[in-house]
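# Geometric and topological summary
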Amino acid sequence: MSDAAKAPRERPMSPHLSVWRWHITMASSIANRATGVALYIGALIAAAWAIALAKGPEAYAGFKGLLGSPLGLLVMFGLTLSFFYHLANGIRHLVWDAGYGFALKTANAASVFVFAFTAAATLAVWVIAGMIGAL
Amino acid sequence: MVSYRTPLSRARGLGAAKHGVTHWIGERVGAIALVPLTLWGVFAVLRLAAGDYAFATHWIAEPLNAVLMVLLLGISFWHMQGGLRVIIEDYVHVTLNKSALLVLNLFVCALAGALAIFSILKVALAGGGAF
């Protein structure tokens, strides 16, 4: 009897989160997906902005009021974090695609850099937003 | 569901055998385009957040702003459709659920993207006002 006649074996499933100690590279990989999903929602908010703009002054003022509310600002802050993270880590992915950056030390250092860049860039944008009266 | 097709028959015509690396390269080129476009987008959001409706309509009527915004929205919706597609394919294994979510993802991105781009063009070409 050949192997093909047997029922297929249970395939390993991704992700095996429970069996690994957390590494920073693992955290940065998961964060890439999480921020991507957050930015998906952000793009829908951007679409709502465009629709409100086309609808007229009242709709636009309503939309700006919503985003300017404490909850709206919190969402925008989260989106800023997500954007800078996904940007930096996305460039890291492009570097990987070119065949570089896989050495353990490099990968760990790049993870730290991406998280640090995210914090610094987000802070910078919100300080600028406060200074130009965008909040 | 029992399938009587052999593994070879199922593999034939899929993946690289069918499309080569066009899809893979397309995803990367889209991502590269989004680097400058989204950085410009942050700048745009800051300016728009500081301004009112009249400012926004004048700003978007500027050809460069309108074109960059359309490109930013179009490529973003394309990129995120591909991104969520991979996530669905990774985590949802029941064929019907997976197919339904993939179609939903595509439709949401296409609809939201088309609405957003049409809205930008309407304001850029005809000025603001009711639909």
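In this convention, every chain numbers its residues from 1, walking through the sequence in written order. Note on labels: chains are lettered from A, ligands numbered from 1, in written order. Local features are withheld for residues below a pLDDT of 70 in this predicted model, meaning they are given only at 70 or higher, and side-chain atom pairs are given and counted only at 80 or more; totals for whole chains, interfaces and linings count all residues. Remark: hydrogens and water are excluded; side-chain values derive from all non-hydrogen atoms of the structure.

Starting at the N terminus, helices and strands are each numbered in turn, a helix being any DSSP run of H or I of at least four residues and a strand any DSSP run of E of at least two. For chain A, the count of helices and strands is 4 helices and 0 strands. The order of α-helices and β-strands along chain A, N terminus first, is α-α-α-α. Its C-alpha atoms give chain A a radius of gyration of 21 Å, clearly above 14 Å, the size a compact globule of 135 residues would have. Principal-axis analysis of the C-alpha atoms gives chain A an extent of 75 × 40 × 30 Å. Residue contacts follow a heavy-atom distance rule, with two residues in contact if any of their heavy atoms lie within 4.5 Å. Contacts spanning at least 24 positions in sequence make up 70% of the contacts within chain A whose residues lie at least 6 apart. Accessible surface is estimated by sampling points in the Shrake-Rupley manner with a 1.4 Å probe; for residues, cover comes only from the protein chains shown. About 8400 Å² of surface is accessible on chain A, with carbon and sulfur atoms providing 73% of the total. Under this rule, positive means Lys or Arg and negative means Asp or Glu; His and the chain ends count for nothing. In plain terms, the charge of a residue is placed at NZ if it is Lys, CZ if Arg, CG if Asp and CD if Glu. Put simply, chain A has 9 plus and 4 minus side-chain charges, and the middle of one group is 9 Å from the middle of the other. Radius of gyration means the value over C-alpha atoms here, while the globule rule gives 2.2 Å times the residue count to the 0.38 power.

Attention now goes to the side chain of A:Ser82. You can see A:Ser82 is positioned in helix α3 (residues 70-97). We classify A:Ser82 as buried; its relative accessible area is 9%. A 1.4 Å probe rolled over the protein chains alone gives each residue an accessible area, and that area as a share of the maximum for its type sets the label: buried under 20%, exposed over 50%, partly exposed in between.

Further remarks concern the nonpolar core. Counting residues in each nonpolar core, the largest one holds 35 residues, and the members touching the most others are A:Trp49, A:Leu53, B:Ile60, B:Met69, B:Phe77 and B:Ile120. At the level of elements, α1 (24-55) and α2 (57-68) of chain A together with α3 (22-50), α4 (53-61), α5 (63-91) and α6 (95-126) of chain B are the ones that each hand at least two residues to this core. Here this core takes 10 residues from α5(B), the largest share from any one element. With residues up to four places along the chain from it excluded, the contact list for B:Ile60 reads A:Trp49, A:Leu53, B:Asn65, B:Ala66, B:Met69, B:Ile120, B:Val123 and B:Ala124. To qualify as a nonpolar core, a set must consist of buried Ala, Val, Leu, Ile, Met, Phe, Trp, Tyr and Cys residues joined through side-chain atoms within 4.5 Å. In terms of nonpolar packing, the next biggest core, distinct from the first, is built from 10 residues, A:Phe83, A:Leu87, A:Trp126 and B:Val42 among them.

All names here are of chain A. In contact at an axis separation of 4 Å, α2 and α3 are set at 75 degrees when each is read in the N-to-C sense. Here α3 runs roughly perpendicular to α2, going by the angle between their axes. Contact residues: α2 offers Leu66, Leu67 and Gly68, while α3 offers Pro70, Gly72, Leu73 and Met76. Grouping the constituent residues of the contact of α2 with α3 by class yields 5 nonpolar, 2 polar and no charged. A fitted line through C-alpha atoms represents every axis, and for helices the fit uses only the stretch in contact; the resulting angles, taken between N-to-C directions, go from 0 to 180 degrees. Under this scheme an angle from 65 to 115 degrees is roughly perpendicular, one under 35 degrees roughly parallel, and one over 145 degrees roughly antiparallel; angles in between are oblique. Note on residue categories: nonpolar means Ala, Val, Leu, Ile, Met, Phe, Trp, Tyr, Cys or Pro, charged means Asp, Glu, Lys or Arg, and polar means any other residue, Gly included.

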